[in-house]
Amino acid sequence: IFCSALHDLPDMEGAISKSSSLVRSEGGKVIVVHAQGAQHVLGQNQANPVMVKRGLPTTKEWGEMLDDHPEWGLTLEYEPADPRSDREEKEGYLAVLSKN
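Right, let's walk through the structure included here. Computed from a predicted structure; not experimentally measured. (Residues numbered from 1 in each chain as written. Predicted model: local features only at pLDDT ≥ 70, side-chain atom pairs only at ≥ 80, totals over all residues. Heavy atoms only, no water.)

## Some points on the overall build of the protein chain
Then, number 1: A count of helices and strands for the protein chain gives 4 helices and 4 strands.
Then, number 2: Traced from its N-terminal end to its C-terminal end, the protein chain shows the element sequence β-α-β-α-α-β-α-β.
Then, number 3: What you see for the protein chain is a C-alpha radius of gyration of 13 Å, in line with the 13 Å of a compact globule of 100 residues.
Then, number 4: Judged by the C-alpha coordinates and their principal axes, the protein chain covers about 40 × 30 × 20 Å.
Then, number 5: Here the protein chain, with 100 residues, has 38% of them falling under the buried criterion. (Helix = DSSP H or I, 4+ residues; strand = E, 2+ residues; numbered from the N terminus. Rg over C-alpha atoms; globule rule 2.2 N^0.38 Å. Buried < 20%, exposed > 50% of the residue type's maximum accessible area, 1.4 Å probe, protein only.)

Structure below.
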């Protein structure tokens, strides 16, 4: 579980790679959550790009990362809400990746 942390890690893809290697069984999950949502993180990035280097991955970015890294053996089971959407306002940011 990455709780309000993935965007702060120096190597986001490296962290996902490592976490995917630790999920051993088919159907295991990697969960990325931020209670305040992707738009909040984008605002932090705009206000202080030195401290917050990037936003949280969009559904499109997850798709590209997973296509680029089939060795992770992950699929995007639950897509995060778009920033500023009604869904994001209700549930924040939630992405669930499942081990194949």
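## Description of the environment of Arg 87
Then, number 1: In this structure, Arg 87 sits in helix 4 (residues 86-91).
Then, number 2: By relative accessible area, which is 33% here, Arg 87 ends up partly exposed.
Then, number 3: In this structure, the C-alpha to C-alpha distance between Arg 87 and Gly 37, residues 50 residues apart in sequence, is 10.0 Å.
Then, number 4: Excluding its chain neighbours within four sequence positions, the residues that come into contact with Arg 87 are Tyr 78, Glu 79, Pro 80, Ala 81 and Gly 92.
Then, number 5: Only 3.4 Å separates the side chain of Arg 87 from the side chain of Tyr 78, close enough to count as a polar contact. (Contact = heavy atoms within 4.5 Å. Polar contact = N/O pair within 3.5 Å; in protein donor to acceptor, adjacent residues only side chain to side chain.)

## Observations concerning the sheet that holds strand 3 (residues 74-78)
Then, number 1: Across the sheet, 4 strands lie side by side as 1-2-4-3; this open sheet has mixed pairing. The sheet is open, and its two edges are formed by strand 1 (2-3) and strand 3, each paired on a single side.
Then, number 2: In the packing of helix 3 (residues 59-68) onto the sheet, contacts are made with strand 2 (29-34), strand 3 and strand 4 (93-99), and the angle to strand 3 comes to roughly 160 degrees. (Pairing = 2+ DSSP bridges. Axes fitted to C-alpha atoms, helices over the stretch in contact; angles between N-to-C directions.)

## Focus on the side chain of Lys 99
Then, number 1: Its location among the elements puts Lys 99 in strand 4.
Then, number 2: Buried and unpaired, Lys 99 has no salt bridge, with Glu 71 as the nearest side chain of opposite charge at 10 Å.
Then, number 3: Polar contacts involving the side chain of Lys 99 include one to the main-chain carbonyl oxygen of Ser 20, which spans 2.7 Å.
Then, number 4: Setting aside residues up to four positions removed in sequence, Lys 99 forms contacts with Ser 20, Ser 21, Val 23, Ser 25, Glu 26, Gly 27, Gly 28, Trp 72, Gly 73 and Leu 74. (Lys, Arg positive; Asp, Glu negative; His and termini not counted. Salt bridge = Lys/Arg side-chain N within 4 Å of Asp/Glu carboxyl O.)

## Quick look at unusual backbone geometry
Then, number 1: The backbone of Ser 4 sits at a positive phi, close to 55 degrees, despite the residue not being glycine.
Then, number 2: Of note, Ser 4 is situated in the loop between strand 1 and helix 1 (12-22).
Then, number 3: For Arg 84, which is not a glycine, the phi torsion comes out positive at approximately 70 degrees.
Then, number 4: On the secondary structure map, Arg 84 appears in the loop between strand 3 and helix 4.

## Description of the pairing of strand 2
Then, number 1: Covered by surrounding structure in strand 2 are Val 30, Val 32 and His 34 only, the residues Lys 29, Ile 31 and Val 33 on the alternate face being uncovered.
Then, number 2: Alignment of strand 1 against strand 2, held across 2 bridges, turns out to be parallel. The partner of Phe 2 across the bridge, within strand 2, is Val 32.
Then, number 3: Bridging between strand 2 and strand 4 involves 6 bridges; their strand directions are antiparallel. For Val 30, the partnering residue across the bridge sits in strand 4 and is Leu 97.

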